[in-house]
Amino acid sequence: MSTPHIKAEAGDFAPVVVMPGDPLRSRFIAENYLTDARLVNDVRGVQGYTGYYFGSRVSVMASGMGMPSMGIYAYELFEFFGVKSIIRAGSAGGYSDGLRLRDIVIALTAATDSDSVKFFGASRYENIPASARLTDLARKSSIERNLPAVGGAVYSSDVFYSPPEHALEWKKRGALAVEMETAMLYAIARKLGKDALAVLAVSDLPLAGASLGADERESSFTEMITLALDVAARVSDGI
């Protein structure tokens with residue numbers, strides 16, 4: 001089976017996929033966290049692997065940057081490759097005054113001012129919810145693994161270089177953080193009757209002018225990756 005963006009056989013992907021944005025982070029997770037990891041997709045360098053996380057079969061594949069790219073890969077995985085759950089393992093810019101670099105945010109809802117989500121039944125500024133089941137598993141995992149995480153709303157932007165007043169507007173709307181993919185993922189999952197959750201590490205603080213470098217973003221979000229994989233393993237095991 002293949003689509004314009006994924007070349008894989010039926011059954012190559014596990015029913016649950018952990019999805020970072022960066023293909024290099026996908027490879028990093030496969031090489032450092034999975035056993036018996038096998039490359040199952042490499043179209044356009046968007047690497048997808050399937051292996052085992054402490055005995056639980058999971059896949060990891062990149063989404064690329066932005067809602068259009070997420071819209072392609074999430075839709076194709078859900079609709080054509082039998083995937084039932086996607087857990088985004090990504091980065092975000094912290095808006096909340098209480099957030100610090102590398103903090104973990106569990107996106108309970110995601111909203112956007114982009115019209116792109118309307119094609120999947122959502123609307124601009126709607127707080128599109130995460131899967132309640134995956135959210136509960138993430139909360140349990142964060143407590144059991146002693147991985148502190150903050151749950152709340154995130155803003156999915158179509159524009160990376162937006163002015164500070166735009167960030168302040170969304171902070172006033174209640175967004176804990178900003179990123180560029182989750183609203184699309186949640187809209188598609190809801191439309192198709194699938195499960196989705198975003199587990200995000202704070203990579204920068206746009207309103208404070210603090211940020212991590214590209215190499216740190218790729219490889220240092222160990223707690224966020226661990227939490228995402230732990231949720232994926234619980235899903236795989238039917239917990």
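Here's a quick rundown of the structure. (Residues numbered from 1 in each chain as written. Predicted model: local features only at pLDDT ≥ 70, side-chain atom pairs only at ≥ 80, totals over all residues. Heavy atoms only, no water.)

**Some words on the overall build of the chain**
Just so we agree on the cut-off: A run of H or I in DSSP becomes a helix once it reaches four residues, and a run of E becomes a strand once it reaches two; helices and strands are each numbered from the N terminus. Here the radius of gyration uses the C-alpha set of atoms, whereas the globule reference equals 2.2 Å times the residue count to the power 0.38. Burial classification: accessible surface area is computed with a 1.4 Å probe over protein chains only, and a residue below 20% of its type maximum counts as buried, one above 50% as exposed, and the rest as partly exposed.
When its secondary structure is counted, the chain shows 7 helices and 11 strands. Relative to its length of 239 residues, the chain is compact, with a C-alpha radius of gyration of 16 Å against a globular reference of 18 Å. If one aligns the C-alpha atoms of the chain with their principal axes, the spans along those axes are about 45 × 40 × 30 Å. Within the chain, buried positions represent 55% of all 239 residues.

**Looking at the nonpolar core**
Where a protein is soluble and globular, its nonpolar side chains tend to be buried together. Just so we agree on the cut-off: Buried Ala, Val, Leu, Ile, Met, Phe, Trp, Tyr and Cys residues form a nonpolar core when they are joined through side-chain atoms within 4.5 Å.
If you look at the biggest cluster of nonpolar residues, it comprises 75 residues, and the most contacted ones within it are F13, M61, L77, I86, Y186 and L229. Counting residues per element, this core draws most heavily on helix α7 (residues 222-236), which supplies 9 residues.

**Here's the deal with the side chain of S26**
So the rule is basically this: In what follows, residue pairs with any heavy atoms lying within 4.5 Å of each other are defined as contacts.
With respect to the element layout, S26 can be found in helix α1 (residues 23-33). The residues touching S26, leaving out its near neighbours within four places in the chain, are P20, Q47, Y49, V60, M61 and A62.

**Comments concerning the packing of aromatic side chains**
The following threshold applies: By convention, a stacked pair of Phe, Tyr or Trp rings (six-membered ring in the case of Trp) has centres within 6.5 Å and planes under 30 degrees apart, an edge-to-face pair has planes over 60 apart, and any other such pair is tilted. Here, a charge over a ring is recorded when the distance from Lys NZ or Arg CZ to the ring centre is within 6 Å and its angle to the ring normal is within 35 degrees.
Under the defined criterion, the tally for this structure stands at 8 aromatic pairs. With a centroid separation of 4.0 Å and 10° between ring planes, the pair formed by Y155 and W170 is classed as stacked. In this pair, Y155 is assigned in strand β8 (residues 149-156) and W170 in helix α4 (residues 164-172), connecting sequence segments 15 residues apart. Residue W170 is classed as buried on the basis of its relative accessible area, which comes to 3%. Taken together, the ring pairs in this structure connect Y75, F80 and F120 into an aromatic cluster. Just above the ring of W170 sits the side chain of R173; from NZ or CZ to the centre is 5.2 Å.

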